[in-house]
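# Observations on the model geometry
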Amino acid sequence: MAISLTSRSNERLCLTANSEERYVARVFSKVGVVGLGTMGAGIAEVFARSGLDVIAVEVDDAAVERGRSHVEDSTGRALSRGKLDEADRTAMLERITFTSSLEDLAEAELVVEAIPERMELKADVFARLDKILPPDAILATNTSSLSVTQLSVVTGRPSKVIGLHFFNPAPVMKLVEVIRTVVTEPQVVEDVEALAAQLGKTDVTVGDKAGFIANALLFGYLNHAVSMYEQRYATREDIDAAMKLGCGLPMGPLALMDLIGIDTAYEILDTMYRQGRDRLHAPSPIIRQLMIAGRLGRKSGRGFYSYEAEGSPKVVDDDLTPHVGSADVDLRDIRSVGVIGSGTMATGIIEVFAKSGYDVLFVTRGREKVTMVDKAVARSLEKAVQRGKLSEQDRTDAQGRITGSISLDALADCDLVVEAVVEELSVKQALFANLDEIVKREAILATTTSSLPVIECAAATSRPGSVIGMHFFNPATVMKLVEVVTTVATAPEVAATVRAVCGTLDKQPVSCGDRSGFIVNALLFPYLNDAVKMLQAHYATADDIDSAMKVGCGYPMGPFELIDTVGLDVSLAIQRELYLEFREPGFAPAPLLEQLVTAGYLGRKTGRGFHVYPS
Ligand code: NAD
């Protein structure tokens, strides 16, 4: 990464982070963009907003007009949101010259190509640009996955060819990945890094490997989410809601596929698969089917979702949209709820139910634990009152609804019992066998397990149809998501009842089957494991990988920050479970993760994991 300062003579003085060396970076004033689709239009806007003159090229007049309206619409939105004023918008639009002739790039100092992700198309454009542009001009590609090296050798200037990978939407996302090949001149890399800084972007520079940092980590996850949907493991709405609410991601994976473009996503996955032969990158068949059917995502008005119009971000109902209350079953009546356990999850769940008006009877293994839970709930309710989130009266009412006990027999008349005891199968099985004897027949028995098979709990009872998973997230009082896990035996009205109960708790239920990791952990942990593999391969540093995912994809935490927070031991255990269940070679825990756990570097809790934390 380079730090750049503009001197009075308008030359760019760059100080590299790892040396004292100073050089005078090139200052660009006229640049070109080829292809004005999803990415190119945004890239042209970014350049023009930074004061550069832009020559923007499309295939024909109709495509030029489409590109122009992309830029006008995008800057119009920025204007209406107060992010740009009218005069600046007019000035920046005047800086862009739209054309359908590549020859108009004859004076460009740098050109970014953003045409479809196909090598033969890009190679043809690069060969033509090489003949048109001045000899010292830089040729950059916005490719997400194709080999920049392969593109460079179709030109007579391979050392001036580089990757400049913007993120979607380009005017908003702050990251650019700069891709240097083995022949790219260091000066060209530095010039492009300085340009990225001038554009107000954060750059990470990496080598020429399919997917670079962000897409290499993102696309395995996206493909996995698509295959969950394709296997009808969960609905598109539930998969997306799970990742947004469970991980704080700005978009769910299927909505993101639609934003990226189904054809572009297919090409990226296909290239990554061909280069790495990792089965997890082999595009899920439905991606190709959507592509052939012309359902390319937002840009064509339909992909995984349907949109109001071509290019519109507004999702509209279609024949796959679930309709509230459409379940054709009689719901069970739930008024009193039993909670078993005294840990973090149990305490949170007790509070959530009590605040929502349920009578809660909790059971722990000793009087002192009953007192402990009472105190923890009281503290948490007090905080809610102090923050103005709960009235005094509601606090008193909630507390009045909670009763503690040390006997499971007290649960006999509960309508729903949720267990949140230790994550050990034999303990949970014995508990379910006990509950089966004690609790009335029409009651629902739920487990909050994060990793054990719910069917194992169901099989320990004589009423497997009434057993279900309710996977709350930590802290249960804050996190909106509940994964509602049905087994092969769960009765439809039990699932519908539990979803309805979640609604009354102001939680978002998502339904999924009884597979390791449910939705969130199954999608999250293999991605984290892939990040460890990338680090172990010395492709990029932990800081650069964290930064790429935060700045490029809007993730709230980078993968290493997240593993350090969750705990390396916990992450490893979850990854092992996933590997054992799916026997997927790509899920095998990264050796580096195993080694760090062996060394006792467990993350924040030990002061050291992938990062070091001051004590
Ligand atoms: P797109 O299909 O939205 O747009 C491509 C545009 O290129 C079209 O408008 C097409 O008319 C034009 N085009 C085709 N051949 C051309 C030519 N010879 N000369 C001029 N214009 C031509 O594609 P996109 O999603 O913008 O992707 C463009 C590139 O950016 C790809 O390499 C892709 O991998 C990369 N990329 C995409 C994303 C994303 O989220 N979509 C993100 C980063 C990078």
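Attention here is on the structure that accompanies the text. (Residues numbered from 1 in each chain as written. Predicted model: local features only at pLDDT ≥ 70, side-chain atom pairs only at ≥ 80, totals over all residues. Heavy atoms only, no water.)

### A short note on the sheet that holds strand S19 (residues 467–472)
The 8 strands lie next to each other as S16-S15-S14-S17-S18-S19-S20-S21, forming an open sheet whose pairing is mixed. The open sheet has two edge strands with one neighbour each: strand S16 (402–405) and strand S21 (508–513). The sheet shows a mean angle of 25 degrees between the axes of neighbouring strands, taken without regard to direction. Here strand S14 (residues 336–340) runs beside strand S15 (residues 359–363); their pairing, made up of 5 bridges, is parallel. Within S15, the residue paired with Gly-338 across the bridge is Leu-361. Each of strand S20 (481–486) and S21 is contacted by helix H8 (residues 236–247), which is oriented at about 120 degrees to S21, the strand it contacts most. (Pairing = 2+ DSSP bridges. Helix = DSSP H or I, 4+ residues; strand = E, 2+ residues; numbered from the N terminus. Axes fitted to C-alpha atoms, helices over the stretch in contact; angles between N-to-C directions. Contact = heavy atoms within 4.5 Å.)

### Focus: the site of the ligand
In the region of the ligand, 24 residues are neighbours, and Met-39, Glu-58, Glu-117, Lys-122 and Ser-144 sit closest. Here an oxygen atom of the ligand sits 3.4 Å away from a polar atom, N or O, in the main chain of Ile-115. In the environment of the ligand, an oxygen atom lies 3.5 Å from a nitrogen or oxygen atom belonging to the side chain of Thr-264. Protein chains bury 87% of the 840 Å² of accessible surface belonging to the ligand in isolation. Per-class residue counts for the shell around the ligand are 10 nonpolar, 9 polar and 5 charged. Here the shell around the ligand spans two domains, and each of domain 1 (30–207) and domain 2 (214–316) adds at least three residues to it. (Near = heavy atom within 4 Å. Polar contact = N/O pair within 3.5 Å; in protein donor to acceptor, adjacent residues only side chain to side chain. Areas by Shrake-Rupley, 256 points an atom, 1.4 Å probe, with all protein chains shown as cover. Nonpolar A, V, L, I, M, F, W, Y, C, P; charged D, E, K, R; others polar. Domains from an automatic or database assignment.)

### Quick word on the pairing of strand S11 (residues 202–206)
Extensive coverage of S11 is indicated by the burial of 4 of its 5 residues. Summarising the sheet, strand S10 (residues 175–179) and S11 pair through 5 bridges and their orientation is parallel. Bridge pairing in S11 places Val-178 opposite Thr-205. Handedness of the β-α-β unit built from S10, helix H6 (residues 186–198) and S11 comes out right-handed. (Buried < 20%, exposed > 50% of the residue type's maximum accessible area, 1.4 Å probe, protein only. Right-handed = clockwise from strand over helix to strand, strands pointing away.)

### Points about a positive patch on the surface
Residues Lys-375, Arg-379, Lys-383, Arg-387 and Lys-389 make up a contiguous surface patch of positive charge. Note on placement: Lys-375 falls in helix H13 (residues 367–386). (Patch = residues over 30% accessible without salt bridge, like charges linked within 9 Å, V, L, I, M, F, W, Y side chains within 5 Å. Salt bridge = Lys/Arg side-chain N within 4 Å of Asp/Glu carboxyl O. Lys, Arg positive; Asp, Glu negative; His and termini not counted. Charge placed at Lys NZ, Arg CZ, Asp CG, Glu CD.)

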